[in-house]
Amino acid sequence: MMYQQSLMTPLGELAVRASESGITQVQFLVATDIERSGNKEHGNAITALGIEQLSEYFAGERQIFALPLAPQGTEFQHKIWTALQTIEFGVSCSYGDIAKHIHQPTAARAVGMANSKNPIAIVIPCHRVIGKNGTLTGYAGGLDKKSWLLQHEQAAFTLVG
């Protein structure tokens, strides 16, 4: 069984989805997602904990998440998502840095692809990965959200454009 609860944030509505074992998704909702769901939310203790911790994060009261996670992905994606969780609050790094961290220094592109498939936004902090020259690179939620998250965490980056 899957469970879902949503949270209004400064960046728009976030959906927290979970199974019985852990959070499977944290994703920004767009208007069509909200219309389709029609407020039919059925949460569980795990989604409630996710909502609580994300609320604390957006209020500036939490820097580290302590949630059971159950993302679906390949072995390599899980390796990258685990590495992303080692990036501390207020710190940013490059795809190449992550590739070196997992002892595959030539895998920066593969890291980027796995990063883009992260189903648990914010909690698995893919927003903390930026270009090697310090510029913002792609983010599934949009670069405006990535910029906001990094500013919220006071991480260093360069805004191009």
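Residues numbered from 1 in each chain as written. Predicted model: local features only at pLDDT ≥ 70, side-chain atom pairs only at ≥ 80, totals over all residues. Heavy atoms only, no water.

Novice: Would you take a moment to explain the pairing of strand β2 (residues 12-18) for this structure?
Specialist: For a regular strand, side chains alternate in direction, first toward one face of the sheet and then toward the other. Judged by how many residues are buried, β2 sits mostly within the fold: 6 of 7 residues are covered. In this sheet, β2 lies alongside strand β1 (residues 3-9) in antiparallel orientation, the contact comprising 7 bridges. Note on β2: the bridge partner recorded for Gln4 is Arg17. Hairpin connection of β1 to β2: 2 residues between the antiparallel strands. One ladder, built from 5 bridges, connects β2 with strand β3 (residues 23-28); its direction is antiparallel. Directly across from Ala15, in β3, lies its bridge partner Gln27. Linking β2 to β3, which pair antiparallel, is a turn of 4 residues. (Buried < 20%, exposed > 50% of the residue type's maximum accessible area, 1.4 Å probe, protein only. Helix = DSSP H or I, 4+ residues; strand = E, 2+ residues; numbered from the N terminus. Pairing = 2+ DSSP bridges.)

Novice: What am I meant to see in the side chain of His127 here?
Specialist: Mapped onto the secondary structure, His127 falls in the loop between α5 (108-116) and β5 (129-130). In terms of polar contacts, His127 uses its side chain to reach the side chain of Glu153, at 2.9 Å. Setting aside anything within four residues of it in sequence, one finds His127 in contact with Tyr57, Ile122, Tyr139, Lys146, Leu149, Leu150 and Glu153. (Polar contact = N/O pair within 3.5 Å; in protein donor to acceptor, adjacent residues only side chain to side chain. Contact = heavy atoms within 4.5 Å.)

Novice: Where do I start with the environment of Met113 in this structure?
Specialist: Its place among the elements puts Met113 in helix α5. A C-alpha to C-alpha distance of 9.8 Å links Met113 and Ile80, two positions 33 residues apart in sequence.

Novice: What should I look at first to understand the nonpolar core in this one?
Specialist: Nonpolar side chains in soluble globular proteins tend to be buried together. Residues Ile23, Val26, Leu54, Leu84, Ile98 and Ile122 are the most contacted members of the largest nonpolar core, which totals 37 residues. At the level of secondary structure, the elements contributing two or more residues to this core comprise β2, β3, α2 (45-58), α3 (75-84), α4 (95-101) and α5. Take this core: its biggest share by element is 5 residues, from α2. Contacts of Val26, omitting those with residues within four sequence positions, involve Leu14, Ala15, Val16, Leu54, Pro119, Ile120, Ala121 and Val123. (Core = buried A, V, L, I, M, F, W, Y, C linked by side-chain atoms within 4.5 Å.)

Read these as spatial facts, not as claims about activity.
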